[in-house]
Amino acid sequence: MNGVTVELASSLAERQGPAPEPKDRLEEPVITAEEFSVFYGDNEAVKRVSLDVPPRRVTAIIGPSGCGKSTFLRAVNRMNDLIPGCRTEGLLALEGQDLNAPGVDVVTLRRVVGMVFQKPNPFPKSVFDNVAFGPRIHGVRGKPELTETVEVSLRRAGLWEEVADRLSHNAMALSGGQQQRLCIARALAVDPEILLMDEPASALDPRSTARIEDLIGELRADYTIVIVTHNMQQAARVSDLTAFLYEGRLVEFGPTDQLFTKPRQKQTEDYITGRFG
């Protein structure tokens, strides 16, 4: 093994929680892509990708900048709809339902599929109002129910002990790592089934990054998580499965330990050992 491979193997050994057991691979996928493409005008950013994302696992998407990772991630909750000229081909389905079919309620979809972005983006409101925002949008008005939802969500995000006495304070006063965990709590407050994370720790210091990675390990038992990351060591530490994209195409997808230690494709090996990318 070269130095990069040894480091990745070490990261795999540090991974939070057990690897998937063989029987879990028989479960019906939560997200299914079949020959799925995303176009920005004439530019095909995601090119006929096919993969299945299993439930209650962490799936990482890796690859160099501009390879289509974030574009694919945003397609899962229709965020690309906000980009003029963006269109899709092929199938992208959630539990068998075509996400791009006519009549799909995007508001309901985004309740089921929560998203955490690269840069923490709390609202300029109180900590309480940040977390309560989603439930209020979906019709929850009672103070006791909102109070319980806020506390449960902050506890799940590992933030309750740090902000319990500051719920009325402006969320913008929190540290960067706390803001990102607040954004995770805000996503959890609407009780999603899936969490999409687009480089959730890239703007954070090492200590905050470690806390986010620990949190992903804690959430994996209850949520299907898909994370985009440039950090291959992070992918090795937190994920059960890894997809490698290059120039919009899926090169390889499989169990993380296999992909990082015994990749099937030469292009995958070249990328994870630093020969390009």
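Note that the structure is predicted; figures quoted are calculated from it, not measured.

## Overview of the overall build of the protein chain
Along the backbone of the protein chain there are eleven helices and ten strands. When the 277 residues of the protein chain are sorted by exposure, 52% land in the buried category. Long-range contacts, defined as pairs at least 24 residues apart, comprise 69% of the intrachain contacts of the protein chain with a sequence gap of at least 6. A total accessible area of about 12900 Å² is found for the protein chain, and carbon and sulfur atoms account for 49% of it.

## Here we look at the side chain of Asn-130
Of note, Asn-130 is situated in helix 4 (residues 127–137). At a separation of 3.2 Å, a polar atom in the side chain of Asn-130 contacts the side chain of Arg-186. The residues contacting Asn-130, other than those within four sequence positions of it, are Pro-122, Phe-123, Lys-125, Ala-171, Leu-182 and Arg-186.

## Some thoughts on the pattern of salt bridges
All told, the structure shown has twelve salt bridges when counted by the stated rule. Taking the shortest distance from any N to any O, the salt bridge between Glu-89 and Arg-87 comes out at 3.0 Å. By sharing partners, the salt bridges in this structure join Glu-151, Arg-155 and Glu-161 into a single network.

## Here's the deal with the packing of aromatic side chains
Per the stated rule, a full pass over the model turns up three aromatic pairs. Note on Phe-36 and Phe-72: the rings are 6.2 Å apart at their centroids and 75° apart in plane angle, and the pair reads as edge-to-face. You can see Phe-36 sitting in strand 1 (residues 31–40) and its partner Phe-72 sitting in helix 2 (residues 69–76), a full 36 residues away along the chain. Among the residues examined, Phe-36 registers a relative accessible area of 0% and is labelled buried. We note Arg-87 situated over the ring of Phe-39; from NZ or CZ to the ring centre the distance is 4.0 Å. It is Lys-143 that lies over the ring of Phe-128; its NZ or CZ is 5.8 Å from the centre.

## So, the confidence of the model for the protein chain
Per-residue confidence for the protein chain gives a mean pLDDT of 91; residues scoring 70 or more make up 90%. Below pLDDT 50 for its whole length, residues 18–26 participates in eight contacts with residues either more than four positions away or in separate chains.

## Some words on the sheet that holds strand 10 (residues 249–255)
Read from one edge to the other, the open sheet built from six strands follows the order 6-7-8-3-9-10, with strand pairing classed as mixed. Looking at the sheet topology across the chains shown, the edges are occupied by strand 6 (113–116) and strand 10. The mean inter-strand angle of the sheet, taken between neighbouring strand axes irrespective of direction, is 15°. Alignment of strand 9 (residues 241–246) against strand 10, held across six bridges, turns out to be antiparallel.

## Focus on the pairing of strand 6
Because side chains alternate across strand 6, one face comprises the buried residues Val-113 and Met-115, and the other comprises Gly-114 and Val-116, equally buried. Strand direction decides the pairing type here: strand 6 and strand 7 (residues 194–198), joined by four bridges, are parallel. Note that in strand 7 the partner of Val-116 across the bridge is Met-197.

## Some words on the packing of helix 4 against helix 7 (residues 176–188)
In contact at an axis separation of 7 Å, helix 4 and helix 7 are set at 35° when each is read in the N-to-C sense. Judged by the sense of rotation from one axis to the other, the crossing of helix 4 with helix 7 is right-handed. Only Leu-182, Ala-185 and Arg-186 of helix 7 make contact with helix 4, whose side of the interface consists of Val-127, Asn-130 and Val-131. Counted by class, the contact of helix 4 with helix 7 contains four nonpolar, one polar and one charged residues.

The rules we used
- Residues numbered from 1 in each chain as written.
- Predicted model: local features only at pLDDT ≥ 70, side-chain atom pairs only at ≥ 80, totals over all residues.
- Heavy atoms only, no water.
- Helix = DSSP H or I, 4+ residues; strand = E, 2+ residues; numbered from the N terminus.
- Buried < 20%, exposed > 50% of the residue type's maximum accessible area, 1.4 Å probe, protein only.
- Contact = heavy atoms within 4.5 Å.
- Areas by Shrake-Rupley, 256 points an atom, 1.4 Å probe, with all protein chains shown as cover.
- Polar contact = N/O pair within 3.5 Å; in protein donor to acceptor, adjacent residues only side chain to side chain.
- Salt bridge = Lys/Arg side-chain N within 4 Å of Asp/Glu carboxyl O.
- Phe/Tyr/Trp six-rings, centres within 6.5 Å; stacked < 30°, edge-to-face > 60°.
- Lys NZ or Arg CZ within 6 Å of the ring centre and 35° of its normal.
- pLDDT = per-residue confidence, 0-100.
- Pairing = 2+ DSSP bridges.
- Axes fitted to C-alpha atoms, helices over the stretch in contact; angles between N-to-C directions.
- Left-handed = near helix turned anticlockwise from the far one by under 90°.
- Nonpolar A, V, L, I, M, F, W, Y, C, P; charged D, E, K, R; others polar.

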